[in-house]
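# Per-entry structural report
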Amino acid sequence: MRVKLRHDKHMALYRHIAEEFRTRIAKGELPPGTRLPTVRALAREVGTTRLTIHNAYRELQTDGLIESVVGRGTFVSSQAQPTAQPSFGERLEPDSVLSDLHRLQHTRVLHNLALATADPALFPYEAFWACLEAFKPLAREVFGYGSVMGEPELRVSLSELLEQRGVRADPEEVLVTVGGLQGLALVCRALAEPGEEVLLEEPTYLGLLGILKQFRLKPLPVPLDAEGPRLEELEALLKRHRPRFYYTIPSYHNPTGLRFHEERLKRLLELGQTYGFTLVEDDTLGLLSYEKIPPTPLLALAQKMGLEDRVVHLASLSKALMPGLRIGYLVAPPVLLERFTALHNVSDITGPPPLLQRTAAQFIRQGGLKQHLRQVIPIYKKRRDVLLQALKRHMPEGVRWSHPEGGFSCWVSLPRLFSNLELHHQALAQGVAITPGEVFLVQADETMHFRLCFGAETSEGLEEGVKELAKLICLRVSHERA
Ligand SMILES: Cc1ncc(COP(=O)(O)O)c(C=O)c1O
């Protein structure tokens, strides 16, 4: 049996080996009952130690994919069936797509370009765990209800983190939320009543579209160009509507990866002042910058212009650190902060578990986040480059894409060669997961779009994934021409 390894120096060798077997079992190439090579033989073939192979087999055994029979050897287990194609995108509603995306994380697809997430293989588990252990003597304290606004230590750390982004916010002005999503839900509930209108960019973060739907708020889409929201269209909307707020993702917008130009943001703030609406800035991806000079947040610009009362700034540690912490935070003018806190108190009592908040505070204070970002940003930047080069190499004429300078997303646009979800399903059948563009849009247009994410896939996976996608698109182009 030849074992082909995916090269990624950031993944331990035993995980490469386990991954290779997992993929082949999922594809049905190694049916139940197949005998695997002995540890000794495989170690020789791969050119590694027996311990490495033992570790790989142990991981597969834990996952129930293989089993050892004393005296006979190691076999693919009888429960290890080839993975059926995950049903995906049966409905194009945000809640259904979000749950499909998260399910994909636990489903074996060969190349997952669908999820805008950090790579779990790069999470700083060890250092974080060491911080967590230190709280054992304080167990009584950290397993009680925490404080409504968040653990004071974390609010201090977040205030310092915000300062590094150019935002002035005292710890008392920071509210800790359960991920960025809860911050968004609080803002929507506090700032608007069902039936009212809110402005947002087209396309926009699909989680926000889901929340608007849940609270029965009406989205008013503002088109984007390469520099940010198109202000003429925005002004035209403002003359006819009374939106409650404008939701914006200026720093590495999801799904396009765009960084909005500062002049646009200043004009946006002026429009907020003239027409009297709040700007809700989502800075969840702002720390993941691949540029020499990271973007200035909208709130920092507003503070320079004396317009900070117009801005709610919210963010999360999900992309820059680890999403399982569920730590988000927001900064708002005092009146709004009071309203958000009251709502938070009624519905949630507190934010994320105090243990995790205190650990995250300690981790940030001792420089863990800074160090982590220093390590992972060059890796994500390289993956971004690989994705862009692969698109350039393989995609046919007529396909366009954004050039993300940060974050995890790239937005691809092409003439409507496929019906809704058709490309998406065809790609899945080839083992490539992408996110269909429709789910980020309020009004789908004639152009077809999809999002490709490069955070959690290796360079090799990105190259292969784009190649498969391009094949499907080229095939359709040649059918159209025939
Ligand atoms: C722009 C944006 N805001 C908010 C979130 C939600 O973040 P969290 O996982 O912290 O709830 C995401 C997650 O993808 C996002 O992309």
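Please read all numbers here as calculations on a predicted model, not as lab measurements. (Residues numbered from 1 in each chain as written. Predicted model: local features only at pLDDT ≥ 70, side-chain atom pairs only at ≥ 80, totals over all residues. Heavy atoms only, no water.)

### Some remarks on the sheet that holds strand β14 (residues 409–415)
Here we have four strands laid out as an open sheet, ordered β13-β14-β17-β16, and antiparallel in their pairing. If you trace the sheet from one side to the other, it starts and ends with β13 (400–401) and β16 (435–436), each paired once. In this structure, β16 lies alongside strand β17 (residues 447–453), joined through two bridges in antiparallel fashion. Paired with threonine 435 across the bridge in β17 is arginine 451. (Pairing = 2+ DSSP bridges. Helix = DSSP H or I, 4+ residues; strand = E, 2+ residues; numbered from the N terminus.)

### Focus on the site of the ligand
Every residue close to the ligand is listed here: Gly179, Gly180, Leu181, Tyr205, Asn254, Asp282, Thr284, Ser316, Ser318, Lys319 and Arg326. Serine 316 is positioned such that a nitrogen or oxygen atom in its side chain is 2.6 Å from an oxygen atom of the ligand. Arginine 326 has a polar side-chain atom sitting 2.9 Å from an oxygen atom of the ligand. In the complex, 92% of the free accessible area of the ligand, which totals 400 Å², lies under the protein chains. Broken down by element, the residue count for the shell around the ligand peaks at three residues, all from helix α8 (residues 179–191). By residue class, the composition of the shell around the ligand is two nonpolar, six polar and three charged. (Near = heavy atom within 4 Å. Polar contact = N/O pair within 3.5 Å; in protein donor to acceptor, adjacent residues only side chain to side chain. Areas by Shrake-Rupley, 256 points an atom, 1.4 Å probe, with all protein chains shown as cover. Nonpolar A, V, L, I, M, F, W, Y, C, P; charged D, E, K, R; others polar.)

### Examining the packing of α8 against helix α9 (residues 206–214)
Relative orientation of the contacting elements α8 and α9 amounts to 40°, with a least axis distance of 10 Å. Crossing geometry of α8 relative to α9 is assigned as right-handed. Two secondary-structure elements touch here, α8 through Leu181, Leu184, Ala185 and Cys188 and α9 through Gly207, Leu208, Ile211 and Leu212. Per-class residue counts for the contact of α8 with α9 are seven nonpolar, one polar and no charged. (Axes fitted to C-alpha atoms, helices over the stretch in contact; angles between N-to-C directions. Left-handed = near helix turned anticlockwise from the far one by under 90°. Contact = heavy atoms within 4.5 Å.)

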